[in-house]
Amino acid sequence: MFQGVLEQQHPEASKRQATRRELGAHFTSERNILRVINPLFLNDLRAELHASNRTRASLRALYERLPTLTFLDPACGCGNFLVIAYRELRRLEMKLIAEIWGEERGVLDVDTLCRVNVHQFYGIEIDEAAAHIARVALWITDHQMNQEAAELFGTTRATVPLVTAPTIPCANALQKDWKDVLPPEKCSYVLGNPPFVGAKYMSDEQRADVAKIFDSLKSGGLLDYVAAWYVKAAAYISQNPKIDVAFVATNSITQGEQAGVLWSWLLGHGITIRFAHRTFQWSNEGKGVAAVHCVIVGFGLRKPAKRTLYLYNEGIKGEPIAIPAKNINPYLTDAPDVVMERRGKPLCEVPGMGIGNKPIDGGNYLFTPEEMAEFLKREPGAKPYFRRWLGADEFLNGYERWCLWLGDAEPSALKKLPLAMERIASVRQFRKASKSAPTQKLAQTPRRFHVEFMPKADYLVIPEVSSERREFIPIGYIVPETLASNLLRIVPHATTYHFGVLSSSMHNAWMRTVAGRLESRYRYSVHIVYNNFPWPQDVPEKKHRTVASAAQAVLSARNAHPGATLAEMYDPDSMPRDLQEAHAALDKAVDAAYGFRSKKDDRARVAFLFALYSKLTGLQKGSAKRPGKRKVKPL
């Protein structure tokens, strides 16, 4: 309710909504708040309340502890997290009072017995109106809880006069020293939903905010805005290791390059993950639902008694399943603490991967079939210079596009092609007009591409971006006459054995875990996914041939459906049975090449691959990529 009022009643409502988007502020639903606070502290407190071996003394000790707990939300907005946490803590206290002293109405001195209060709750909020609303919302919730106590016990404590208050200053949480709001030695939990702003979309002010915080992180400029709260939280709890933290974040901080940058630093400063929700789709109760995909990470400095992973096996819009874990690594997988950093060449002895052609031509060299036909009608002499062009969309969906490749054309031939020369001039002008200095320099060679790959033989391609619905990323061979765009990853000299391993569930499980995302779609990276991938080791020739044979069977199964596109064949709702069976046989062959005998699901496969990665990179079991603890400078 308060959120809607804050947006709609403001005199410049549309401008205010735009400002909150720029700040990365997203309202949080109660369902998502409970996904944070239940595993952060409520589940443990409730477990103590309902323990089979509980005694009056143990319940009394729990009751005495509740008023000592303190909570800090360093990006509290209208106070949703603090409000729900306060409400649940009050309800827990009422249950304890009933357990210890009974529920006889009108007998208990509830005014004295209800000791949990709003002064235990702290926040920091950059928006002055939101900070004020957060304070008022906590007072209103206090009144509601007093009414609940009255219904349960017949008496309650007075709501007015207001004798206690939450502490919620209006301040920039990245500039404010959190200990000035709540000294770490007095803090129990840090929680919240920090702003979501991508690294490329930060304002100048936001870049200035994170500059100091990311100063000690290698390649910190790659990190999204939300990562600054993780770094500041690590510095804050270093002064009191008993504090536990849980934040909502975009899933980008647990994928791709960002995971390596952020978590190398966090692990190096002793941070360990207690619980985590893997990627789920954001939902909220405010207007203008945020279209983002999130994770929740609960972490601290103490070794947890247990770790829990929340998996969304029924889809990212559904409810999670809680799974106990031995360890939770930065990719939110039950596996050793390893992080994938950019690797310049493959970890194993396999063909290198690159990217396709990047013209930077303003579209002047690219044609639809109709555009090419019209061009050739006017300039038939250009026909030898047209080559089939394939990007990810064309590869997956069978679209036809063509490229006018003039890079190797002789000057004498070009003089006879005035329309082609006009295209060259347009490219030169397009590049000159760019604000990018490297692009301006390319104007000197307008017939050449920024990135060029001119194959001499068949080569393997992998789409850079692929739907998360697919069990397998469709990959395939392309003839050298066809040019691949930079939206395809290319592997020259790849054999059917390489095709087979890359098409397997083993490789796809790895990709799903360490790849970055474009929205929810997988974004395949050369330096993170491919170059870090641990291939099967010391494979006997017989098993090698078996993988290659099974890979060829996958290609043959595809060829049996000439009218279908790869997107159609790899849609889980329309995948042909013979292709499914061919992939199953391929998985069996690849698993045998790895010597993998565990459960055939992503969790088991990824745990196996992380262990193999640790072995191949020379990391010792139990200390994988966890540097020695370093002191954290106050931020």
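Being a predicted model, the structure only gives us computed values, none of them experimental.

Draft legend 1. Molecular detail of helix 10 (residues 256–268). The end-to-end C-alpha separation of helix 10 is 19 Å, in line with the 18 Å expected for 13 residues at 1.5 Å each. The element helix 10 is largely enclosed, with a buried count of twelve among its 13 residues. All buried positions along helix 10 are accounted for by G256, Q258, A259, G260, V261, L262, W263, S264, W265, L266, L267 and G268. Close packing links the buried residues of helix 10 with helix 9 (227–237), strand 5 (272–281), strand 6 (293–300), helix 17 (505–514), strand 18 (516–518) and helix 18 (526–530).

Draft legend 2. Representation of the pairing of strand 11 (residues 386–390) within the structure. Here four bridges tie strand 11 to strand 12 (residues 401–404), and the two strands are oriented antiparallel to one another. Note that in strand 12 the partner of W389 across the bridge is R401. Across two bridges, the pairing between strand 11 and strand 16 (residues 483–484) is parallel. Looking across to strand 16, one finds that W389 is bridged to L483.

Draft legend 3. Highlighting the sheet that holds strand 6. Strand order across the open sheet formed by eight strands is 2-1-3-4-6-5-7-8, with mixed pairing between neighbours. Lying at the two open borders of the sheet, with one neighbouring strand each, are strand 2 (121–123) and strand 8 (321–325). On average, each strand axis in the sheet is inclined to that of its neighbour by 20 degrees, with strand direction left out of account. With four bridges connecting them, strand 3 (residues 189–192) and strand 4 (residues 244–250) associate as parallel partners. Paired with G192 across the two strands is F247, which belongs to strand 4.

Draft legend 4. Main features of unusual backbone geometry. Of note, the phi angle at H493 is positive, near 65 degrees, even though the residue is not glycine. Relative to the helices and strands, H493 resides in the loop between strand 17 (488–492) and helix 16 (496–502). Looking at H493, the relative accessible area reads 69%, which means it is exposed. Backbone geometry at D538 places phi at a positive 50 degrees, although glycine is not the residue there. Within the secondary structure layout, D538 lies in the loop between helix 18 and helix 19 (541–559). Judged by relative accessible area, which is 76%, D538 ranks as exposed.

Draft legend 5. Focus on the side chain of R307. Relative to the helices and strands, R307 is located in strand 7 (residues 307–311). No salt bridge is formed by the buried R307; its nearest oppositely charged neighbour, D337, is found at 6.2 Å. Contact partners of R307, with chain neighbours within four places excluded, come to T272, I273, R274, I323, P324, A325, K326, N327 and I328.

Conventions adopted
Each residue is numbered by its place in its chain's sequence as written, counting from 1. With pLDDT at 70 or above as the cut-off, local features in this predicted model cover only qualifying residues; side-chain atom pairs require 80 or more to be listed or tallied, and sums for whole chains, interfaces and linings still use all residues. The side-chain quantities take in all heavy atoms of the structure and omit both hydrogens and water. Counting from the N terminus, the helices are the DSSP runs of H or I reaching at least four residues and the strands are the DSSP runs of E reaching at least two. Multiplying 1.5 Å by the residue count of a helix minus one yields the expected span of that helix. The buried label applies to any residue whose accessible area, calculated with a 1.4 Å probe on protein chains only, is under 20% of its type's maximum; exposed applies above 50%, and partly exposed to all values in between. Residues count as neighbours in contact if any of their non-hydrogen atoms are within 4.5 Å of one another. Paired strands, as defined in this entry, are two strands with at least two bridges between them according to DSSP. Between N-to-C directions, angles span 0 to 180 degrees; the directions come from axes that are lines fitted to C-alpha atoms, helices contributing only their stretch in contact. Under the convention used here, Asp and Glu are negative, Lys and Arg are positive, and both His and the chain ends fall outside the count. Think of a salt bridge as a Lys or Arg side-chain nitrogen and an Asp or Glu carboxyl oxygen that are within 4 Å of each other.

By themselves these figures say nothing about function.
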